[in-house]
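# Analysis of the macromolecular model
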Amino acid sequence: MKHTISVLVENKFGVLARISGLFSARGFNISSLAVGETEDPTVSRMTIGVEGDEKTLEQIKKQLNKLIDVIKVVDFKESEFIDRELILVKVSVTTKNRKEVLEAIESFGAKIENAGSKSISIEATGDRTRVKALLELLRPFGILEVVRTGRIAMSTEDKGLKVEGKPEVNE
Amino acid sequence: MKLTGAKILIESLRKEGVEIIFGYPGGQVLPIFDALYDSPLKLILTRHEQAAAHAADGYARATGKIGVCLATSGPGATNLVTGIATAYMDSVPMVAITGQVKSFLIGNDAFQEADITGITRPVTKHNYLVEDIKDLTRIIKEAFHIASTGRPGPVLIDFPSDIQNQETEFIYPEKVDLRGYKPTYEGHPGQIKRAAKAISESKRPILYVGGGAIISDAAEEVRSLAIDNDIPVTMTLLGLGAFPMDHKLSLGMLGMHGTAYANHSIMESDLIISVGARFDDRVTGKLDAFAPHAKVIHIDIDPASVSKSVEVDIPIVGDAKTILKHLNKLVKKPDTKDWLKRVDDWKKKHPLVYKNDDKLRPQYILEEIYKLTKGEAIICTEVGQHQMWAAQFYTFTKPRTMISSGGLGTMGYGFPAAIGAQFGKPKATVFDIAGDGSIQMNIQELATAVINKLPVKVAILNNGYLGMVRQWQELFYKRRYSYTDIGGGCPDFVKLAESYGAVGIRVTKKSEVRAAIEKALKTDNTVFLDFHIEQEENVFPMVPAGEAINKMIGGGLA
């Protein structure tokens, strides 16, 4: 199962290595990763896409929480968050299918950044479903290159994800 | 007052109550060693950095205080790594300090440079690189706090030599402020109630006690939970001593080389009360088959230990002592009469046995060491057959008397750990139970023991083999003893000990055992007891890897 977790961490040297090291050491798989500063410059947010069953996800969250530099871990459930990813795709075109490709791109609402005689470079943003759909749409024409930023996600609840420290463990 | 970084380090250690450091000098810690030269803080010079880490670990386990070790950059730091990883696996509070090349040279492949914070990231609870002298006292304060609170563990501070020479005002912080680190101590009251109810209603309960009970100083609470409610107790290797093994409710150690009756009892139990143990693979055996009828209460300070392998019904996260104190008040004594009868039957039917003939057998030696020390000794061990015999045949009755590398299984741990333990408990009788393989992994520490006049007794159960591996080869690899025969090239341990100024005693006959141990105990020097034991003696019972823990072999057991 795919999950999106959001991790607030100290904005310090070496923290990314601690997180990625934890994933590799314990055999957890990262499918996507996006890191950036938050509204508080001492705090960074990592949005991590992970794959695994419930038990694995539980361990991932617990192990992340054990890291001293991790301030908070939130596991997003499907209904409570919005997610976005920006992708750049280079798709090959021929004189024959050029029109067809352009139509497909247009119908999707993706932006053409560069149109050459042999390839077209596209920029698109969207949530996980939309990005996947775009790639599937373009695949038959021949995708030459894909560059993705990694997914970012934010809860849609009224209060923000604040840094009040780790929650007490209710067990 | 302005002080140099090196002096600030020493003064900060004193503020933290450190009395002793185990270490080894080198180029990038020269300022620190210079500051130590006229400091009341004592440094114990080991003969290898690995031993410094193990000695700090042994000191910590024997006393409950934080062990501190110090090494230079590069190879000095990497030599600490095995000791740090050992402490990490067994939740030992430790602060390791390493010198680092000058800060402006970091990343340049400078002489004796190693990225030690990178290397130790997965084997430390946390680590630091000092980048600015202004951060130094905060880092030290945090390091000691993190090492000793929650689930304890090693913390490393990497300290570039140029910053050791910089000066700043010495102000030691009073408090730490770590928003990402808030260990839970109080157990959830609702969960404790549920646990009390489960215990009160259980018919076949068993207490399964690990090292966490000793770390949290919960032996007394374990005792009352067991004795007041007639609940049998089994312990992990690191839990030995948390409950007296000479008590009728004790089942000794469980797991791969546990007693048959402990394994049968936990498999047949209807309720496992786990206190500071983590259901590791040497304990559970085949996970699917483990204790199929049992509900599980898991008391642990580390939430990540809960439901990591065995699914837990009633998790209680927090400090074992605090939780048990609360729990003990709520438990109504269950009726365990029939259960205890079954447990006693297993005890009678499948006792721990060995062939008690005229040959010099290791189990007999352990029994004699127990008798002659009246169970009062601190027993450190190396790793292998001798370690398991110690766990089986020395009757541990007190916490912090069994000091062994359980999680990592580090050969070469026991002797330096015994040195550390002896410094921590100068009046105690400290043994290192060793094999002829393990002792050679840190044998240079004879110098440290002798020069410091430590009366550590090293009992080498010498069988000329890497015995545990040989045992596996005998049982599972058709006796193909591939590179486990180390008899050739084995030094004369008596002469070796003597050459360092220690006492060496060789024992080749069973009849000589008592006198030899008595002589060792009377000696206030370091002693090597070289016991030439039966070469192919095996550790039984034994659960083959991947089997259910009631499918034991050997020892005449079903």
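Residues numbered from 1 in each chain as written. Chains lettered and ligands numbered in written order. Predicted model: local features only at pLDDT ≥ 70, side-chain atom pairs only at ≥ 80, totals over all residues.

Attention now moves to the overall build of chain A. Helix and strand counts for chain A come out as four helices and nine strands. The order of helices and strands in chain A, counted from the N terminus, is β-α-β-β-α-β-β-α-β-β-α-β-β. The 171 residues of chain A split such that 26% are buried. (Helix = DSSP H or I, 4+ residues; strand = E, 2+ residues; numbered from the N terminus. Buried ≥ 20, exposed ≤ 12 C-beta atoms within 10 Å, placed from the backbone.)

Okay, the overall build of chain B next. Helix and strand content of chain B: 21 helices and 20 strands. In terms of overall dimensions, chain B is globule-like: its C-alpha atoms have a radius of gyration of 24 Å, near the 24 Å expected for 558 residues. Across its three principal axes, chain B shows a C-alpha extent of roughly 70 × 60 × 40 Å. Looking at chain B as a whole, 58% of its 558 residues qualify as buried. In chain B, the share of contacts with a sequence separation of at least 24, taken over all contacts with a separation of at least 6, comes to 76%. (Rg over C-alpha atoms; globule rule 2.2 N^0.38 Å. Contact = placed C-beta atoms within 7 Å.)

Our next topic: the confidence of the model for chain B. Looking at chain B as a whole, its pLDDT mean stands at 97, while 99% of the residues score no less than 70. With pTM at 0.95, the complex prediction returns an ipTM value of 0.89. (pLDDT = per-residue confidence, 0-100.)

Turning our attention to the environment of G258 of chain B. Residue and element names in this part refer to chain B. By the element assignment, G258 lies in the loop between β11 (250-253) and α11 (260-268). On the basis of neighbour counts, which here come to 29 C-beta atoms within 10 Å, the residue G258 falls in the buried class. Taking C-alpha positions, G258 is 11 Å from I553, a pair spaced 295 residues apart along the chain. Residues in contact with G258, not counting those within four places in the same chain, are G252, M253 and N263.

The next thing to look at is the domain arrangement of chain A. The domains assigned to chain A are domain 1 (2-76) and domain 2 (82-148). Each of domain 1 of chain A and domain 2 of chain A has a C-alpha centre, and the two are 30 Å apart. (Domains from an automatic or database assignment.)

Residues and elements named next belong to chain B. Pairing is parallel across the open sheet formed by six strands, whose spatial order is β16-β15-β17-β18-β20-β19. Each edge of the open sheet is held by one strand with a lone partner, namely β16 (402-403) and β19 (503-507). Pairing of β19 with strand β20 (residues 527-532) involves five bridges; the strand directions are parallel. Note on β20: the bridge partner recorded for I505 is L529. Contacts from helix α16 (residues 385-393) reach β15 (378-381), β17 (430-435) and β18 (457-462) within the one sheet, and its direction differs from that of β17 by about 135°. (Pairing = 2+ DSSP bridges. Axes fitted to C-alpha atoms, helices over the stretch in contact; angles between N-to-C directions.)

With that settled, consider helix α14 (residues 337-349) of chain B. Residue and element names in this part refer to chain B. The terminal C-alpha atoms of α14 lie 18 Å apart, and with 13 residues this matches the ideal 18 Å at 1.5 Å per residue to within 8%. Residues W339, V343 and K347 constitute the buried set of α14. Axial view of α14: buried residues confined to an arc of 85°, hence all on one face. In α14, the exposed positions angled more than 90 degrees off the buried face are occupied by K337, D338, K341, D345, K348 and K349. (Expected span 1.5 Å × (residues − 1). Arc of directions from axis to C-beta.)

Moving on, we come to the interface of chain A and chain B. Counting residues at the interface gives 22 residues for chain A and 22 residues for chain B. Where the side of chain A that touches chain B is concerned, the elements lending two or more residues are α1 (15-25), α2 (54-66) and β4 (70-76) of chain A. Considering each element in turn, the side of chain A that touches chain B owes the most residues, five residues, to α2 of chain A. Its residues assigned to classes, the side of chain A that touches chain B comprises seven nonpolar, six polar and nine charged. (Nonpolar A, V, L, I, M, F, W, Y, C, P; charged D, E, K, R; others polar.)

Residue and element names in this part refer to chain B. In this structure, P541 follows F540 across a cis peptide bond, with omega equal to -5°. When you line up the elements, P541 lands in the segment after β20. One non-glycine residue, R400, lies in the positive phi region at around 65°. Relative to the elements of secondary structure, R400 occurs in the loop between α16 and β16. R400 gets classed as buried once you count the C-beta atoms within 10 Å, which come to 22. Its identity is not glycine, yet R479 carries a phi of approximately 55°, on the positive side. Structurally, R479 can be placed in the loop between α19 (467-476) and α20 (493-499).

In this section: the sheet that holds strand β2 (residues 20-23) of chain B. Strand pairing in a sheet is mediated by backbone hydrogen bonds. Such pairs are either parallel or antiparallel. Residues and elements named next belong to chain B. Taken in spatial order, the six strands line up as β3-β2-β4-β5-β7-β6 in an open sheet, and their pairing is parallel. Edge positions in the sheet fall to β3 (42-45) and β6 (126-129), since each of these pairs with one other strand and no more. With direction set aside, neighbouring strand axes in the sheet form an average angle of 20°. With four bridges connecting them, β2 and β3 associate as parallel partners. Note on β3: the bridge partner recorded for I21 is L43.

This part is about the packing of helix α15 (residues 362-373) of chain B against helix α21 (residues 513-522) of chain B. A pair of packed helices is characterised by two quantities: the angle between their axes and the separation of those axes. Residues and elements named next belong to chain B. Between α15 and α21, whose axes approach to 10 Å, the crossing angle comes to 45°. The orientation of α15 with respect to α21, classified from their angle, is oblique. Pair α15 / α21 crosses with right-handed handedness. When α15 is examined against α21, the residues Y364, I365, E368, I369 and L372 are found in contact with a partner set consisting of V513, R514, I517, E518 and L521. When grouped by side-chain class, the residues that make up the contact of α15 with α21 number seven nonpolar, no polar and three charged. (Parallel < 35°, antiparallel > 145°, perpendicular 65-115°, else oblique. Left-handed = near helix turned anticlockwise from the far one by under 90°.)

Residue and element names in this part refer to chain B. As assigned here, chain B comprises domain 1 (2-169), domain 2 (189-349) and domain 3 (362-532). Taking the mean C-alpha position of each, domain 2 and domain 3 sit 30 Å from one another. Taken residue by residue, the interface counts 14 residues in domain 2 and 13 residues in domain 3. Every element with two or more residues in the side of domain 2 that touches domain 3 is listed here: α9 (211-215) and β11. Taken together, the residues that form the side of domain 2 that touches domain 3 break down as nine nonpolar, four polar and one charged.

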